[in-house]
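Here's the letter readout for the chains.
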Amino acid sequence: MIPAQFDYVRPDSLSAACQALASDEDAKVLAGGQSLLPLLRLRLTYPSTLVDVGRLPELKGAHDRGDHVFIGAMTTHDEVLHSGVIKDGCPLVAIAAATVADPAIRHRGTFGGSLAHADPAGDLPAVVLALDGVFVARSEEGEREIPAAEFFLDYLESSLRPGEILVGVKIPKLGAGWGFHYEKFHRTAQAWAIVGVAAAVKRSNGSIAEARIGLTNMGPTPLRARASEAALRGVELGDQVRQACEEAAADTAPAADLHAQPDYRRHLAKVLTHRAVRTAAGAS
């Protein structure tokens, strides 16, 4: 299907992009286009103007800023998974980025675009949520920071305000003793995850000192498996880990669609959480 008519602008600076958005309340930001263009073709969205931020250098790259890594919104998935700064400072992001779709999409799709799209079936929202990332947004009124726990509001809905552009995301460094893994179940490489689990696990004296678990496609937004996180604290690797991971689906609201029913997704959440936690903890 052919998209509805729209105007197109390509600002040469971030301030010009903010001005373009502020001047048209029905404008949308165009980044890599891997999420927006299909919606346009299906006429599920009708922007009056597309503001192309693809050539703004200040939105690209990963930067080590001491206690955190700042990832620019226009950094592609391929750049994320190959970045030495990200691999060293927040490896879970690189691990998950390697599972996004296929190489063609990873070379065009962007880190910030995937997050701003706020699809609960996307891989990166659950990762940033598990790592307590902080979103940085810019508008004509200035810059503001949004904790990941407050960013995802509902299905395809974020807390970005009209006129705001996602500039990048701050990912705190967790330091030594942590292990990471992203476990995903999907039909094909290009398909959205039926369920995914992002796990960050800190071990101390042979037991799990802390676990952070983000769930993909288990509700209208990405979720934290808080019950499993609490149950895993202080547990030694073994049967107790499996029992703690049985709590992964608590307080979730998975959808029913052509690919899976809610009960099946809850089962997958438990199984994949167990795999992700054991792998992150370094268990064989």
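Residues numbered from 1 in each chain as written. Predicted model: local features only at pLDDT ≥ 70, side-chain atom pairs only at ≥ 80, totals over all residues. Heavy atoms only, no water.

Visitor: In this structure, what is going on with the packing of aromatic side chains? I would like to understand it.
Guide: Two aromatic rings, taken as a pair, are described by how far apart their centres are and by the angle between their planes. Taken as a whole, this structure holds four aromatic pairs when the rule is applied. Feature note: the residues F135, F151 and F152 constitute an aromatic cluster, connected by ring pairs. The ring of F70 has R65 lying over it, and the distance from NZ or CZ to the ring centre is 4.4 Å. (Phe/Tyr/Trp six-rings, centres within 6.5 Å; stacked < 30°, edge-to-face > 60°. Lys NZ or Arg CZ within 6 Å of the ring centre and 35° of its normal.)

Visitor: What is the right way to read the sheet that holds strand 14 (residues 223-224) from this model?
Guide: The strand order across the open sheet formed by four strands is 11-12-13-14, and the pairing between neighbours is antiparallel. Every other strand in the sheet has two partners, leaving strand 11 (178-185) and strand 14 as the edge strands with one partner each. Pairing analysis gives nine bridges linking strand 12 (residues 195-204) to strand 13 (residues 207-216), with the strands arranged antiparallel. Its bridge partner lying in strand 13, A199 is registered against I213. On top of the sheet, helix 8 (residues 123-130) reaches strand 11, strand 12, strand 13 and strand 14; it is set at about 145 degrees to strand 13, its chief contact. (Pairing = 2+ DSSP bridges. Helix = DSSP H or I, 4+ residues; strand = E, 2+ residues; numbered from the N terminus. Contact = heavy atoms within 4.5 Å. Axes fitted to C-alpha atoms, helices over the stretch in contact; angles between N-to-C directions.)

Visitor: Would you explain helix 8 in this entry?
Guide: Three or four residues apart is the spacing at which side chains of an α-helix point the same way, because the helix has 3.6 residues per turn. With eight of eight residues buried, helix 8 lies mostly within the body of the structure. Taken residue by residue, helix 8 has D123, L124, P125, A126, V127, V128, L129 and A130 as its buried positions. Downstream of helix 8 by a residue or two, D132 has a phi angle that is positive, lying close to 55 degrees. (Buried < 20%, exposed > 50% of the residue type's maximum accessible area, 1.4 Å probe, protein only.)

Visitor: What's the story with the environment of V271 in this structure? I'm lost.
Guide: Inspection of the secondary structure assignment puts V271 in helix 12 (residues 262-280). Owing to a relative accessible area of 28%, V271 belongs among the partly exposed residues under this scheme. When the C-alpha atoms of V271 and A248 are compared, they prove to be 9.0 Å apart, with 23 residues separating the residues in sequence.

Visitor: Just to check I follow, could you spell out unusual backbone geometry for this structure?
Guide: For residues besides glycine, phi is generally negative; the peptide bonds are generally trans as well. Even without a glycine there, the phi angle at L156 is positive, about 55 degrees. On the secondary structure map, L156 appears in the loop between strand 8 (152-154) and strand 9 (157-158). Judged by relative accessible area, which is 34%, L156 ranks as partly exposed. Although it is not a glycine, N205 sits at a positive phi angle of roughly 55 degrees. By the element assignment, N205 lies in the loop between strand 12 and strand 13.

Visitor: Help me understand helix 12, please; the structure alone is not making it clear to me.
Guide: Here helix 12 contains 19 residues, and its C-alpha end-to-end distance of 26 Å stays within 8% of the 27 Å for a straight helix at 1.5 Å per residue. For helix 12, the set of buried residues is R265, L268, A269, L272, T273, H274, A276, V277 and A280. Turning to helix 12, the residues buried within the fold contact strand 11, strand 12, strand 13, helix 10 (226-232) and helix 11 (239-245). Within two residues after helix 12, G282 carries a phi angle of roughly 85 degrees, on the positive side. (Expected span 1.5 Å × (residues − 1).)

Visitor: What should I look at first to understand the pairing of strand 3 (residues 49-52) in this one?
Guide: Taken residue by residue, a regular strand's side chains alternate between the two faces of the sheet. Side chains of strand 3 alternate between two faces, with T49 and V51 and L50 and D52 buried alike. Relative to strand 3, strand 1 (residues 7-9) runs parallel, the two sharing three bridges. Directly across from Y8, in strand 3, lies its bridge partner L50. In the sheet, strand 2 (residues 27-30) pairs with strand 3 via four bridges, with the strands oriented parallel. By the bridge assignment for strand 3, K28 is matched with L50.

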